[in-house]
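Reading the structure
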Amino acid sequence: MNYLEKFKPFVYKDEFIEMPYRLFIPESQKPGEKYPLVVFLHGAGERGRDNEKQIIANEGATVWASPEVQEKHPCFVLAPQCPENGYWGTSFRTGDELEPNSLLSTVFLLINQVVDEYPIDEERIYITGLSMGGFGTVGLLTLCPERFAAAVVVCGGGNVKKVQKISRIPIWFFHAEDDDVVPVKFSRELVEALKKLNAPVRYTEYPKGYMESIGSFPHASWIPAYRDKEMIEWLFSQSKARR
């Protein structure tokens, strides 16, 4: 399937910034019905302005648009692209506090625009991201926790000091124990902090050597994560109305 054709290209513009993005629009819409929105934040390797890499580089965006998922859970899928020299929030490599930034604020405005233009169920807006996008997912959750029904964070992390802000949001974390790009401690610390608050958090950690056993490299935990059928069913079962 040519997902670049399925994901329509657009550019968000305001007086300060332009951000390319792709939007998948479900084909099986019914008049008067509203549908979930899945927001996908890509990793550092997909930065740029081509408005393609965030779709074709991995399954983080396309899994939600696959016929298998759309048949059971028709939904919109939004995939913005971060600028070449940008970052979804503060990079963990800088040693600074992990905080949202203006790029994540732009993603928030983009989400609002899509909600205004399409039949989106505001009780079922989900966000997921991998690596840099995993950090961005947590950052955007802390910026506007009231916007999202649930989240999936893959080999990412976030500001442990701000977990109170996201403690009511169901979040499922995925990470490989031997990840050699983003240390697994970033997921572990967030999960432990959320558990102390009795938050609805789930965590899957792939043991050392698992990624190599499936023919991949340690950082690529998004491969098994986004193929996890239990995770997909779990995500679409979440709703702000049920919290």
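What counts, and where the lines are drawn
- Residues numbered from 1 in each chain as written.
- Predicted model: local features only at pLDDT ≥ 70, side-chain atom pairs only at ≥ 80, totals over all residues.
- Heavy atoms only, no water.
- Helix = DSSP H or I, 4+ residues; strand = E, 2+ residues; numbered from the N terminus.
- Expected span 1.5 Å × (residues − 1).
- Buried < 20%, exposed > 50% of the residue type's maximum accessible area, 1.4 Å probe, protein only.
- Arc of directions from axis to C-beta.
- Contact = heavy atoms within 4.5 Å.
- Salt bridge = Lys/Arg side-chain N within 4 Å of Asp/Glu carboxyl O.
- Phe/Tyr/Trp six-rings, centres within 6.5 Å; stacked < 30°, edge-to-face > 60°.
- Pairing = 2+ DSSP bridges.
- Axes fitted to C-alpha atoms, helices over the stretch in contact; angles between N-to-C directions.

Because an α-helix completes one turn every 3.6 residues, residues spaced three or four positions apart along the sequence face the same direction. With 12 residues, helix 8 (residues 185-196) ought to run about 16 Å at 1.5 Å a step, and its terminal C-alpha atoms sit 16 Å apart, in line with that. Along helix 8, the residues that are buried comprise Phe186, Ser187, Leu190, Val191, Ala193 and Leu194. Down the axis of helix 8, the smallest arc covering the buried residues is 165°, so these residues share one side. The elements touched by buried residues of helix 8 are helix 6 (132-143), helix 7 (163-166), strand 7 (171-176) and strand 8 (201-206). A positive backbone phi angle near 60° is found at Asn198, which sits one or two residues after helix 8.

Further remarks concern the pattern of salt bridges. Scanning the entire structure with this criterion turns up 9 salt bridges. Notably, a salt bridge pairs Lys72 with Glu233, separated by 3.1 Å at the nearest N-O pair. Of this pair, Lys72 sits in helix 4 (residues 67-72) while Glu233 is found in helix 11 (residues 229-236), placing the two residues 161 residues apart along the sequence. Owing to a relative accessible area of 54%, Lys72 belongs among the exposed residues under this scheme. Taking the shortest distance from any N to any O, the salt bridge between Lys161 and Glu97 comes out at 2.9 Å. Placement of the pair is Lys161 in the loop between strand 6 (150-154) and helix 7 and Glu97 in the loop between strand 4 (76-80) and helix 5 (102-117), with a sequence separation of 64 residues. Judged by relative accessible area, Glu97 falls into the partly exposed class, the value being 38%.

To continue, consider the packing of aromatic side chains. Taken as a whole, this structure holds 16 aromatic pairs when the rule is applied. With centroids separated by 5.2 Å and ring planes inclined at 15°, the aromatic side chains of Trp172 and Phe174 adopt a geometry described as stacked. For Trp172, a relative accessible area of 4% corresponds to the buried category. The class of Phe174 is buried, set by a relative accessible area of 0%.

So, about the environment of Gln164. Residue placement: Gln164 occurs in helix 7. Considered as a pair, Gln164 and Pro31 are 133 residues apart in the sequence and their alpha carbons are 39 Å apart.

So, on to the sheet that holds strand 3 (residues 35-41). Strand pairing in a sheet relies on backbone hydrogen bonds. The paired strands run either parallel or antiparallel. Taken in spatial order, the 8 strands of this open sheet run 1-2-4-3-5-6-7-8, and their pairing is mixed. In this open sheet, the two strands that pair with only one neighbour each are strand 1 (7-13) and strand 8. Across the sheet, the mean angle from the axis of one strand to that of its neighbour is 20°, orientation sign disregarded. Across 6 bridges, the pairing between strand 3 and strand 5 (residues 120-130) is parallel. Each residue of the ladder has a partner; that of Leu41, found in strand 5, is Gly129. On the sheet, helix 5 packs against strand 1, strand 2 (18-24), strand 3, strand 4 and strand 5 and is oriented at approximately 45° with respect to strand 2. Of the strands in this sheet, strand 3, strand 5, strand 6, strand 7 and strand 8 touch helix 11, which is tilted by about 150° from strand 6.

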